[in-house]
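Below are the chains, spelled out letter by letter.
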Amino acid sequence: MDEAQKWNAELDAVLRSVGVVDRSFCLRLLDSYTYGTASSVGWVEAKMKVLLVRVRQGKHLSVFDLKIGKPMLAHREAELRGWIEEYFPGLNL
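Here the structure is a predicted model, which is why all the values come from computation and not from measurement.

Definitions and cut-offs
- Residues numbered from 1 in each chain as written.
- Predicted model: local features only at pLDDT ≥ 70, side-chain atom pairs only at ≥ 80, totals over all residues.
- Heavy atoms only, no water.
- Helix = DSSP H or I, 4+ residues; strand = E, 2+ residues; numbered from the N terminus.
- Buried < 20%, exposed > 50% of the residue type's maximum accessible area, 1.4 Å probe, protein only.
- Contact = heavy atoms within 4.5 Å.
- Areas by Shrake-Rupley, 256 points an atom, 1.4 Å probe, with all protein chains shown as cover.
- Patch = residues over 30% accessible without salt bridge, like charges linked within 9 Å, V, L, I, M, F, W, Y side chains within 5 Å.
- Salt bridge = Lys/Arg side-chain N within 4 Å of Asp/Glu carboxyl O.
- Pairing = 2+ DSSP bridges.
- Phe/Tyr/Trp six-rings, centres within 6.5 Å; stacked < 30°, edge-to-face > 60°.
- Expected span 1.5 Å × (residues − 1).
- Arc of directions from axis to C-beta.

## Some details on the overall build of the protein
Here is step 1 of the chain: Counting its secondary structure elements, the protein contains four helices and three strands.
Here is step 2 of the chain: Tracing the protein from N to C terminus, the helices and strands come up as α-β-α-α-β-β-α.
Here is step 3 of the chain: Considering only C-alpha atoms, the protein reaches an extent of 35 × 25 × 25 Å along its principal axes.
Here is step 4 of the chain: Residue burial in the protein is summarised as follows: out of 93 residues, 38% are buried.
Here is step 5 of the chain: In the protein, 50% of the contacts between residues at least 6 apart in sequence involve partners at least 24 apart.
Here is step 6 of the chain: Of the roughly 5,500 Å² of accessible surface on the protein, 53% is carried by carbon and sulfur atoms.

## Quick look at a nonpolar patch on the surface
Here is step 1 of the chain: Together, Val-14, Val-18 and Val-20 give the surface a local cluster of nonpolar side chains, amounting to about 230 Å² of exposed area.
Here is step 2 of the chain: The topology assignment puts Val-14 in helix H1 (residues 3-18).
Here is step 3 of the chain: Classification of Val-14 as partly exposed rests on a relative accessible area of 45%.

## Some points on the sheet that holds strand S1 (residues 20-21)
Here is step 1 of the chain: With mixed pairing, three strands are arranged side by side in an open sheet as S1-S2-S3. Either end of the sheet is taken by a strand with one partner, and the two such strands are S1 and strand S3 (70-74).
Here is step 2 of the chain: Judged from the five bridges that link them, strand S2 (residues 61-65) and S3 form a sheet pairing that is antiparallel. The partner of Val-63 across the bridge, within S3, is Met-72.

## Focus on the packing of aromatic side chains
Here is step 1 of the chain: As enumerated under the stated definition, the model contains six aromatic pairs in all.
Here is step 2 of the chain: Aromatic pair Tyr-33 and Phe-88: ring centres 5.5 Å apart, planes at 90°, arrangement edge-to-face. In this pair, Tyr-33 is assigned in helix H2 (residues 23-35) and Phe-88 in the segment after helix H4 (77-87), connecting sequence segments 55 residues apart.
Here is step 3 of the chain: Look at Tyr-33 and you get buried, because its relative accessible area is 18%.
Here is step 4 of the chain: Between Trp-83 and Phe-88 the ring centres are 5.5 Å apart and the planes differ by 65°, which places this aromatic pair in the edge-to-face class. Exposure class is identical for Trp-83 and Phe-88. Each is buried.
Here is step 5 of the chain: Through pairs of rings, three or more aromatic residues link up here, namely Tyr-33, Trp-83, Tyr-87 and Phe-88.

## What to know about H2
Here is step 1 of the chain: A rise of 1.5 Å per residue sets the reference length of H2, with its 13 residues, at 18 Å; its end C-alpha atoms lie 18 Å apart and thus fit the reference within 8%.
Here is step 2 of the chain: If you check which residues of H2 are buried, you get Phe-25, Cys-26, Leu-29, Ser-32 and Tyr-33. One side of H2 carries all its buried residues, which in axial view fall inside an arc of 125°. Looking at H2, the residues exposed on the side facing more than 90 degrees away from the buried face are Ser-24, Asp-31, Thr-34 and Tyr-35.
Here is step 3 of the chain: Against H1, S1, helix H3 (38-56), S2 and H4 lie the buried residues of H2.
Here is step 4 of the chain: Gly-36 lies just past H2 and shows a positive phi near 85°.

Here is the structure:
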């Protein structure tokens, strides 16, 4: 496994277990999304899918809301999808 794959696998494990998208990671996701290449958008989609699985398992998430400047809790898929649509519209999820 190369370094990028290893890093992504570790990141996915943390997202699954901890369920936190802090301000820094939210901005990193947004940078990748707005960069707009297939690979950068695909990376964001992959991370969102990890978060969706967590919520579907009945586990809450903390996702940073840039508009209000603080984290919000997502207990249900609809709440997470609302946040995704706000910041990352049009993802193929």
